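# Remarks on the overall topology
Residue strings, one per chain:
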Amino acid sequence: MGAVPSSQGKGGEGGPRRALCCDALPEEKVALLDPPADSQPVLVDGNHNGDGHDGIAMTSGGASSSTHSVIQFSTSHYYCTETEGFVVLDIVRLGASEHESVCDYYTLDGSAKAGRKFIAQEGTVVFKPGDTVQAVKIEVIQDDNWDATLEFAAVVHNVRGAFRGKYLHTCQVKIIDDDAFPTNKHRDSVKDPELIQGIFGPSLMVEYLKMSMDNELIFYGVVYTICMDVIKALYFFLTLYLQLYLVDVVLAPPGGEEVGMEERRLSTERRYLLRTLHASGGLIARALGEELGEEESEGGEEGMLLFGSKHYTAMAVGVFYIMPFCLNHMIDYSKARLGVASAARKTLQANLLRKFLNYRAEVRDCISAGDLTMAMTRDVMEVVDVGFMKLLKVVSIISKLCFSLVFVLAENKMAAIPLGVFPIIMGAFLLLRERKMVEAAEIMAAKQNNLVHKVHDTVNNFKLVSDFLLKPYMVETYEECIDQYNSKAESANQVMTNNAYLAPWLTTVLIGGFIILCTGEVTTINPEGTMSLGAFLATVNVFKEIGTELREIYMESMEVQKTFG
């Protein structure tokens, strides 16, 4: 059967039209082989290579064109599990095998990285006369880290004495991970839909943290974040003593009855931070001494930072208050560029998609596109931004609370008692309310999924909806889904509101009780009192700050707790 005349083609125009089983036209020929590395093009019969078409023949290693063979992998994909420890790749020679052929190979990183999931390898394979298959063994690294199905490539190149297959010169090796998410601690439970509900939420979050820390970018980012947050907490500690010094020393009336000059000096010198302030003020005074003159410091008041002047000392306190804040800004800016959250999200989102793509067809058909979309957007964001990153925020707040506790212990030891009791009360309250809050969040998330499913089904089946006049019905059912979601969202918000008021109540009671019980100990009211006005005001400020931080810890803990579902 040959080419059909053009008159029988479409519209009777154009060149010859292909018919079933006819020979390929010259322009349709596609080279399926790569020439061997040592091949040289040779013109055959002037302009013809024996098949009636213009072309060239290739000679290689002294072999004639009739004895050429092809070297390539036996298949495009190989599979193995981590537990196997290795994968065997078959490099085959097709065609004539009377002569010797040689090729090189090497591995190429993909989602699986050399040194972490497999051992990089390269080498040379020799096909002796009569050989048609050579096996290459590549070692796979067994670990306990959860990953999706990862892959790397192997490439055949530099073929001598044969052609290299044009398409099968490269193969993909898929490593099937056998570890559970996030670690193998709850391996049996996470594979059972019923048992997974019984896993203790904080334990599951701890295992996720362990998994995330295996990522070097995340690990070093977390360490850097914690160190920088401690430095920021030092700034808060500095501001507490600056306020105390400002009230008790700088703004105190001269010769006041509540505290003498000598008592103020001793009170100041017993505080290590204020000694540092005096030393810094001395440096500033010496630096400015030439301009202001020594006479300005003569007759000044004792205990001042600059020239014995309250005015200049107050200015110095303001400078000490402002300058470290620039460092705070720089720290937060550098933390924003670390990419810890983005790396954690990428790990989950990429592996979820990779898992989905490697499922069997019948399994993929059972997965809703809406569920997959919500898992990769909302749920991943909850785990990383609401869970993992909030825990880092909690660590930052705890460091600030530690410095607050140091201040309170130095100024009023009795005030430290409620600071130790309140976290215990909040922790117990969270544990008691955990199940109720998690259930409310899960129900709200399920109703949100229903909204996405309804939109997805409507878009995908619009033709049927339109043909069967179901547009009003689809709108009505969607409105029902909206009402159900709104109802569950309101219930969840009510639970969150009641939970959120615990910390403000505790803070309000703490400050009110401190004012009631300790006002009589202030020296401005009771000359025999043990607390200066500055210490009293600073302690109230500390309680407000601690209340704010405890409330933030509490709120962050509630957000983290929601992710346990």
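Summarised in this report is the structure supplied together with it.

Quick notes on the rules
Residues numbered from 1 in each chain as written. Predicted model: local features only at pLDDT ≥ 70, side-chain atom pairs only at ≥ 80, totals over all residues. Heavy atoms only, no water. Helix = DSSP H or I, 4+ residues; strand = E, 2+ residues; numbered from the N terminus. Buried < 20%, exposed > 50% of the residue type's maximum accessible area, 1.4 Å probe, protein only. Contact = heavy atoms within 4.5 Å. Areas by Shrake-Rupley, 256 points an atom, 1.4 Å probe, with all protein chains shown as cover. Salt bridge = Lys/Arg side-chain N within 4 Å of Asp/Glu carboxyl O. Pairing = 2+ DSSP bridges. Core = buried A, V, L, I, M, F, W, Y, C linked by side-chain atoms within 4.5 Å. Phe/Tyr/Trp six-rings, centres within 6.5 Å; stacked < 30°, edge-to-face > 60°. Lys NZ or Arg CZ within 6 Å of the ring centre and 35° of its normal. Axes fitted to C-alpha atoms, helices over the stretch in contact; angles between N-to-C directions. Expected span 1.5 Å × (residues − 1). Polar contact = N/O pair within 3.5 Å; in protein donor to acceptor, adjacent residues only side chain to side chain.

## What about the overall build of the chain?
Counting secondary structure elements, the chain contains 14 helices and twelve strands. Relative to its 565 residues, the chain shows a buried fraction of 38%. The contacts in the chain between residues at least 6 apart in sequence include a share of 70% that link residues at least 24 apart. A total of about 31,400 Å² of accessible surface is found on the chain, and carbon and sulfur atoms cover 60% of it.

## Structural notes on the pattern of salt bridges
This model, assessed by the stated rule, comprises 15 salt bridges. A salt bridge links Asp-229 to Lys-335; the shortest N-O distance between them is 2.7 Å. Of this pair, Asp-229 sits in helix H3 (residues 216-250) while Lys-335 sits in helix H6 (residues 310-336); the two residues are 106 residues apart in sequence, bridging distant segments of the chain. Residues participating in the shared-partner salt-bridge network are Glu-82, Lys-117, Asp-143, Asp-147 and Asp-177.

## Concerning the pairing of strand E6 (residues 86-95)
The sheet contact formed by strand E4 (residues 69-73) and E6 spans five bridges and is antiparallel. Bridging across to E6, Phe-73 finds its partner in Ile-91. With seven bridges joining them, E6 and strand E9 (residues 133-139) adopt antiparallel strand pairing. In the sheet register, Val-87 faces E9, and the bridge partner there is Ile-138.

## Some details on the nonpolar core
Ranked by size, the top nonpolar core spans 41 residues in total, and within it Phe-407, Met-426, Phe-514, Tyr-554 and Met-558 carry the most contacts. At the level of elements, H3, helix H9 (369-411), helix H10 (416-460), helix H12 (471-500), helix H13 (502-518) and helix H14 (533-562) are the ones that each hand at least two residues to this core. For this core, the element with the most residues is H14, which contributes eleven residues. Sequence-distant contacts of Phe-407, that is, excluding residues within four places in its chain, are made with Phe-237, Leu-240, Tyr-241, Leu-244, Ala-538, Thr-539 and Val-542. Ile-71, Cys-103, Val-125 and Ala-154 belong to the second largest nonpolar core, which has 25 residues in total.

## Comments concerning the environment of Asn-450
Counting through the fold element by element, Asn-450 comes out in helix H10. Since its relative accessible area comes to 31%, Asn-450 is described here as partly exposed. Taking the C-alpha atoms as reference points, Asn-450 and Ile-482, 32 residues apart in sequence, are found 8.9 Å from one another.

## Concerning the packing of aromatic side chains
All told, the structure shown has nine aromatic pairs when counted by the stated rule. Here the aromatic rings of Tyr-208 and Phe-388 are separated by 6.2 Å at their centres, their planes lie at 90 degrees, and the arrangement is edge-to-face. Separated by 180 residues along the polypeptide, Tyr-208 in helix H2 (residues 201-213) and Phe-388 in helix H9 bring together distant segments of the chain. Between Lys-137 and the ring centre of Phe-86, over which it is positioned, the NZ or CZ distance is 4.1 Å.

## Quick look at the side chain of Gln-72
Relative to the helices and strands, Gln-72 is located in strand E4. Each residue touching Gln-72, except ones within four places of it in the same chain, is listed here: Asp-90, Ile-91, Val-92, Leu-94, Gly-165, Leu-168 and His-169.

## Points about the sheet that holds strand E10 (residues 150-160)
Consider a sheet: its strands pair through backbone hydrogen bonds, and that pairing is either parallel or antiparallel. Reading across from one edge, E5-E12-E10-E7-E8 is the order of the five strands in this open sheet, with mixed pairing throughout. What marks the edges here is a single partner per strand, and that holds for strand E5 (77-81) and strand E8 (122-127). Within this sheet the neighbouring strands show an average axis-to-axis angle of 25 degrees, counted without direction. Bridge analysis of strand E7 (residues 101-108) against E8 gives six bridges, and the strand direction is antiparallel. The residue bridging Ser-101 from the neighbouring strand is Phe-127, located in E8.

## Observations regarding H3
For H3, with 35 residues, the first-to-last C-alpha span of 50 Å sits near the 51 Å given by 1.5 Å per residue. Of the residues that open H3, the one with a side-chain oxygen 2.9 Å from the backbone nitrogen of Leu-217 is Asn-215.

## Observations regarding unusual backbone geometry
Cis geometry is adopted by the peptide bond preceding Pro-182, which originates at Phe-181 and carries an omega value of -5 degrees. You can see Pro-182 is positioned in the loop between strand E12 (170-176) and helix H1 (187-190). Of note, Asn-158 is a non-glycine position whose phi angle comes to about 50 degrees, a positive value. Note that Asn-158 resides in strand E10. Asn-158 gets classed as partly exposed once you look at its relative accessible area, which sits at 34%. One non-glycine residue, Leu-469, lies in positive phi territory at about 55 degrees. We classify Leu-469 as exposed; its relative accessible area is 72%.

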